[in-house]
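Summary of structural features
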Amino acid sequence: MSGGHACSSLSAHLGWPQLTDLWPPPPQNRMVLCPARPPRGTRTSNGATGATRSRAFMFPYFIMLIFCGIPLFFMELSFGQFASQGCLGVWRISPMFKGVGYGMMVVSTYIGIYYNVVICIAFYYFFSSMTHVLPWAYCNNPWNSPDCAGVLDASNLTNGSQPASLPSNLSHLLNRTLQRTSPSEEYWRLYVLKLSNDIGNFGEVRLPLLGCLGVSWVVVFLCLIRGVKSSGKVVYFTATFPYVVLTILFVRGVTLEGAFTGIMYYLTPQWDKILEAKVWGDAASQIFYSLGCAWGGLITMASYNKFHNNCYRDSIIISITNCATSVYAGFVIFSILGFMASHLGVDVSRVADHGPGLAFVAYPEALTLLPISPLWSLLFFFMLILLGLGTQFCLLETLVTAIVDEVGNEWILQKKTYVTLGVAVAGFLLGIPLTSQAGIYWLLLMDNYAASFSLVVISCIMCVSIMYIYGHQKYFQDIQMMLGFPPPFFFQICWRFVSPAIIFFILIFTVIQYQPITYNHYQYPGWAVAVGFLMALSSVICIPIYALFQLCRTDGDTLLQRLKNATKPSRDWGPALLEHRTGRYAPTILPSPEDGLEVQPLHPDKAQIPMVGSNGSSRLQDSRI
């Protein structure tokens, strides 16, 4: 399933929206470059903050997976599959809460904008790796500063290029100062980004990144030019090949000196950090990212399933596989970092990093120590590209499907390719500021606010609206009609009580322990933080605004009557095909040609496809999540 930010399911936002799948992605097939999305937060000069918290992360991650991740994953799959509608159309179940669908679209829009920028950076590193010597291996480049201290320079491997002032013993240098700047860090900060000193100082647009951004969007568009029919075939490759690369890197990593030390560091928990609410909040955020919950992508992709497809089985297999891949990726990452720490003679926490530093600084630097380092770098960044594309496919398809389903006329159904092109062009234009010298500041701002706690709020409201407004008994009966059996008792309890309660308390404690965003030593100004909160609220605010709008346009003499009418299911809620509308969905009068009711696919060339949405949009029965 595409879900994604390399750690998380390397198939899922590298760690991010499966790049949670680029640094703890992204849904769907969101990957995260870490076993679980490393917590957001300030990084100390030696990187210990992120590394320390990541070791306290595994236990909360598994708890959140069991009691929130898998139940919510199953709920969204069953929701979209039952109605055969996207994230907007499914809210015929309770029209007043259609704002939840719009909130999902806003979140997917934000993630789609910055996520492709991360993919474009991976493209840039991939192209830069096509050389005999990696450009971030040494400190003898024009962009390097006097503080640069490369591990290969210190080992006299530069054929005389080592600065005379650099001590031959790099371990001594690292112990003497906390200000050591690696060539990979300077390549990232001074050459690739040409980082400005403030989020408001955009400077110039980095043309190489802009070009790679264009390449990213062209690739995404071409893979989605025929909708899920074309993307489904591409995903077979983008979702499976990263496992090949991951296994190659794992075999190489565990055979290196110091790999065992890195793996033990990865496996050793720090129980004193378990009581920190931020760790639990980060675990929840990672789960939402890696599984793609609340993005709308799960609902959209499930809407293309056959009505009787066993989505319960799918949800269990995909969730566990996603989690197992995250853990597996952790072994790969920390085996290489352990080797690097051993080479430098320092603790693993000194080389461990989080965020973009892991994907584009720490790991690339570690790769320079391997024989034939350009080959390993090509494999690594190619894997990141595939992981990111898997998530981006789902994000774009979510937006396109929502637009097409909402308009629902024959013209837009026939011109869906143009809708896809329009969304791709808009995403490219909106991503241009993120390729400027201040782009990384904005990218992290969007990642921390636009798609963070809002995912939790959206999921919580979705649970409440389905379980308590629509009614849990009716929803359990819907699932039984679709699958042939009701949801297991564990999921019934989680949907009604456990998942909403956990999400609510994590949200409360996250607010209590809130800390303003920082990037390394840069403190974001107040106006930038305010912009971040506005982005976060822009998705959540859709829910009450649309609820008021629906309340005003609903018939009723009193407010209570309007409220009741606005929350009850629409007349066209239920299975899309007439043959599946049994029980309480069975029509009392069979339709006849004279009724003018459309029960056949709108497009003659899709006559073999029996799935027809209640708004007239067809669904491909042979598609797979």
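Residues numbered from 1 in each chain as written. Predicted model: local features only at pLDDT ≥ 70, side-chain atom pairs only at ≥ 80, totals over all residues. Heavy atoms only, no water.

1. Notes on the overall build of the chain
Counting secondary structure elements, the chain contains 23 helices and 4 strands. Across the 625 residues of the chain, 61% fall into the buried class. Carbon together with sulfur atoms contributes 64% to the accessible area of the chain, which is approximately 23600 Å² in total. (Helix = DSSP H or I, 4+ residues; strand = E, 2+ residues; numbered from the N terminus. Buried < 20%, exposed > 50% of the residue type's maximum accessible area, 1.4 Å probe, protein only. Areas by Shrake-Rupley, 256 points an atom, 1.4 Å probe, with all protein chains shown as cover.)

2. Concerning the state of the cysteines
Within the structure shown, the criterion is met by 1 disulfide. In this model cysteine 139 forms its disulfide with cysteine 148; the gap between the sulfur atoms is 1.9 Å. Disulfide cysteine 139-cysteine 148: torsion about the S-S bond near -70°, hence left-handed. (Disulfide = S-S within 2.5 Å.)

3. A few points about the confidence of the model for the chain
Per-residue pLDDT for the chain averages 80, and the proportion of residues at 70 or more is 80%. The secondary-structure element of the chain with the lowest mean pLDDT is strand E3 (residues 611–612), recorded at 38, while helix H3 (residues 98–128) shows the highest, at 96. When the criterion is pLDDT under 50, residues 1–54 qualifies, and its contacts beyond four places in sequence or with other chains add up to 384 contacts. The model gives residues 155–178 a pLDDT under 50, and that stretch makes 34 contacts with residues more than four places away or in other chains. (pLDDT = per-residue confidence, 0-100. Contact = heavy atoms within 4.5 Å.)

4. What to know about helix H19 (residues 453–483)
Its 31 residues give H19 an end-to-end C-alpha distance of only 32 Å, which falls more than 12% under 45 Å, the value for a rise of 1.5 Å per residue. The axis of H19 is deflected most strongly, by about 105°, at glycine 471. In the stretch just after H19, glycine 484 is the one whose phi turns positive, near 95°. (Expected span 1.5 Å × (residues − 1). Bend = angle between axes of the 7 residues up to and from the residue.)

5. What about the pattern of salt bridges?
Counted by the stated rule, this structure contains 6 salt bridges. Residue lysine 194 pairs with glutamate 204 through a salt bridge whose shortest N-O separation is 3.8 Å. Of this pair, lysine 194 sits in the loop between helix H6 (183–192) and helix H7 (207–223) while glutamate 204 sits in the loop between H6 and H7, placing them 10 residues apart in sequence. The exposure class assigned to lysine 194 is partly exposed, which follows from its relative accessible area of 34%. Salt-bridge contacts for arginine 584 lead to aspartate 478; the nearest nitrogen and oxygen are separated by 2.5 Å. With arginine 584 in the loop between helix H23 (559–567) and E3 and aspartate 478 in helix H19, this pair connects stretches of sequence that are 106 residues apart. (Salt bridge = Lys/Arg side-chain N within 4 Å of Asp/Glu carboxyl O.)

6. Digging into the UniProt feature "binding site: Na(+)" (unreviewed entry) in the chain
Here, the residues flagged by UniProt with the feature "binding site: Na(+)" (unreviewed entry) are Ser290, Asn322 and Leu387. The named residues occupy 98 residues along the chain; their greatest pairwise C-alpha distance, 12.4 Å, places them in one compact cluster. Inspection of the secondary structure assignment puts serine 290 in helix H10 (residues 277–291). There is a polar contact of 3.4 Å between the side chain of serine 290 and the backbone oxygen of isoleucine 287. Position of leucine 387 relative to the elements: it lies in helix H15 (residues 373–407). A residue is classified by how much of its surface remains accessible, and leucine 387, at 1% relative accessible area, is buried. (UniProt positions renumbered as here; feature names shortened; annotations may be inferred. Polar contact = N/O pair within 3.5 Å; in protein donor to acceptor, adjacent residues only side chain to side chain.)

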